[in-house]
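For reference, the chains in residue letters:
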Amino acid sequence: MYSEDFTPDEMVVVCMAKEIKDYDVMAQGIATPLVTNAYLLAKKTHAPNCTPMFHMGNTYVLETHPVSLLFFEQYVSTWAIRFQHSGEVTMEHLPSGRVTIEYFRPAQIDAYGNFNNTCIGDWRSPKVRLPGAAGIPEVSITYKKILLYVPRHDKRTFVPKIDFISGVGFLDGKVTREEMGFPGKGPYHIITDLAVLGFDEKTKRMRVISLHPGVSKEEIQEKTGFELIIPEDVPITEPPTKEQIRVIREEIDPLGIRRLEFLPAEERDELLDRIIEIELSR
């Protein structure tokens, strides 16, 4: 049943997909192939009635097609059942609860789930400008279920104090979201290449839900910039099944586009070139 042949990116995709339930409506940001893989895997396996809302034209799509760098927008547009402009999404669909899940990839995240996608350093004169918050501030206080993912779990991402709050988590763990008048419940789970993380019900601090096969308590704590809550008997994350790996590799993402979010710059460029060459030759 379980596969012994899987890569870290496939482990992350499978864990992300498991968070999706049947009839969920899932929003997606820009350039997030791991999210696309997870949504399509869920739809092809345990949640056939879930509906992705892809960022190309804010389109609701019922059909599925393999992930593509050059032609995915064409595929999505062809199979879309609805196109929307950004105003409709921001003013109607997100606040109304029609969208039930969205994954975000934070550049920085703290122990209480507050996360940063705006800048590194002082925002007045930042060292690095990031893609920006876009609609994250609004949806982070309204969504019923916020999910996050981190392809490379390290101290650059999991930091004691973030440089800018783009997405609101559990603040400082003392002032509650309810006291601030936020209708959303806050971050739920964080999927990384090392573990599945959540938040302690009482303190709201980040805790380990499960460790991926081969990962130790010492390793994950060493790669985190703050103290995690780690249960004494922390479970091992269920590995992917042979069927899940087959669907990812053969039906969803045969070109391995999901790996782009894992690779360092030079290897990423090489993979990009190979993918584009293959797609142009078809």
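Description of the structure in this document. Please read all numbers here as calculations on a predicted model, not as lab measurements. (Residues numbered from 1 in each chain as written. Predicted model: local features only at pLDDT ≥ 70, side-chain atom pairs only at ≥ 80, totals over all residues. Heavy atoms only, no water.)

**Brief notes about the overall build of the protein chain**
- Looking only at helices and strands, the protein chain features eight helices and 13 strands.
- Over its C-alpha trace the protein chain gives a radius of gyration of 18 Å, about what one expects of a compact globule, namely 19 Å for 282 residues.
- Sequence separation of 24 or more characterises 65% of the internal contacts of the protein chain that already satisfy a separation of 6 or more.
- Accessible surface for the protein chain amounts to roughly 14100 Å². Of this, 54% is attributable to carbon and sulfur atoms.
- Mean positive and mean negative side-chain charge positions of the protein chain (33 and 42 charges, respectively) differ by 3 Å. (Helix = DSSP H or I, 4+ residues; strand = E, 2+ residues; numbered from the N terminus. Rg over C-alpha atoms; globule rule 2.2 N^0.38 Å. Contact = heavy atoms within 4.5 Å. Areas by Shrake-Rupley, 256 points an atom, 1.4 Å probe, with all protein chains shown as cover. Lys, Arg positive; Asp, Glu negative; His and termini not counted. Charge placed at Lys NZ, Arg CZ, Asp CG, Glu CD.)

**Some thoughts on the layout of surface pockets**
- One number sums up the size of the second largest pocket: a volume of about 370 Å³.
- Each residue belonging to the lining of the second largest pocket can be placed in one class, and the counts come to five nonpolar, four polar and nine charged. (1 Å grid on protein atoms, 1.4 Å probe; cavity = no way out; pocket = protein on both sides within 12 Å on 5 of 7 lines; lining within 4 Å. Points joined across faces, edges and corners; volume = space filled by probe spheres on them. Nonpolar A, V, L, I, M, F, W, Y, C, P; charged D, E, K, R; others polar.)

**Details of the side chain of histidine 189**
- As for its position among the elements, histidine 189 is in strand S11 (residues 187-192).
- Polar side-chain contacts of histidine 189 include one of 2.7 Å to the side chain of glutamate 19.
- If sequence neighbours within four positions are ignored, histidine 189 has contacts with Glu19, Ile146, Leu147, Leu148, Val196, Leu197, Gly198 and Ile209. (Polar contact = N/O pair within 3.5 Å; in protein donor to acceptor, adjacent residues only side chain to side chain.)

**Remarks on empty space enclosed by the protein**
- Per the stated rule, a full pass over the model turns up one cavity of 30 Å³ or more.
- One number sums up the size of the largest cavity: a volume of about 50 Å³.
- In this structure, the largest cavity is lined by 10 residues; those nearest its centre are Val61, Glu63, His65, Phe72 and Val76.
- With four residues, helix H3 (residues 72-79) is the largest single contributor of residues to the lining of the largest cavity.

**What about unusual backbone geometry?**
- Backbone geometry at tyrosine 23 places phi at a positive 75 degrees, although glycine is not the residue there.
- Judged by relative accessible area, which is 59%, tyrosine 23 ranks as exposed.
- With phi around 55 degrees, leucine 171 is a residue other than glycine that occupies positive phi space.
- Tracing the chain through its elements places leucine 171 in the loop between strand S10 (146-150) and S11. (Buried < 20%, exposed > 50% of the residue type's maximum accessible area, 1.4 Å probe, protein only.)

**So, helix H1 (residues 8-18)**
- Burial runs high along H1: nine of the 11 residues are buried.
- All of the buried residues along H1 are Asp9, Glu10, Met11, Val12, Val13, Val14, Cys15, Met16 and Ala17.

**Notes on the packing of aromatic side chains**
- Within this structure, the stated rule accounts for four aromatic pairs.
- On the basis of an interplanar angle of 80 degrees and a centroid distance of 6.2 Å, the ring pair of tyrosine 103 and tyrosine 149 is categorised as edge-to-face. In this pair, tyrosine 103 is assigned in strand S5 (residues 101-104) and tyrosine 149 in strand S10, connecting sequence segments 46 residues apart. The pair formed by tyrosine 103 and tyrosine 149 is uniform in burial state, with each residue classed as buried.
- Note that arginine 205 overlies the ring of tyrosine 112, its terminal NZ or CZ placed 5.6 Å from the centroid. (Phe/Tyr/Trp six-rings, centres within 6.5 Å; stacked < 30°, edge-to-face > 60°. Lys NZ or Arg CZ within 6 Å of the ring centre and 35° of its normal.)

**As for the nonpolar core**
- Of all hydrophobic cores here, the largest spans 39 residues; its most connected members are Met16, Ile20, Leu41, Tyr103 and Ile191.
- Elements with a contribution of two residues or more to this core: H1, helix H2 (33-44), H3, S5, S10, helix H7 (242-252) and helix H8 (265-281).
- Beyond its immediate sequence surroundings of up to four residues, isoleucine 20 is in contact with Met26, Ala38, Tyr39, Ala42, His46, Ala47, Cys50 and Ile101.
- Counting residues in each nonpolar core, the second largest holds 30 residues, with Phe104, Tyr143, Ala195 and Leu211 among its members. (Core = buried A, V, L, I, M, F, W, Y, C linked by side-chain atoms within 4.5 Å.)

Read these as spatial facts, not as claims about activity.
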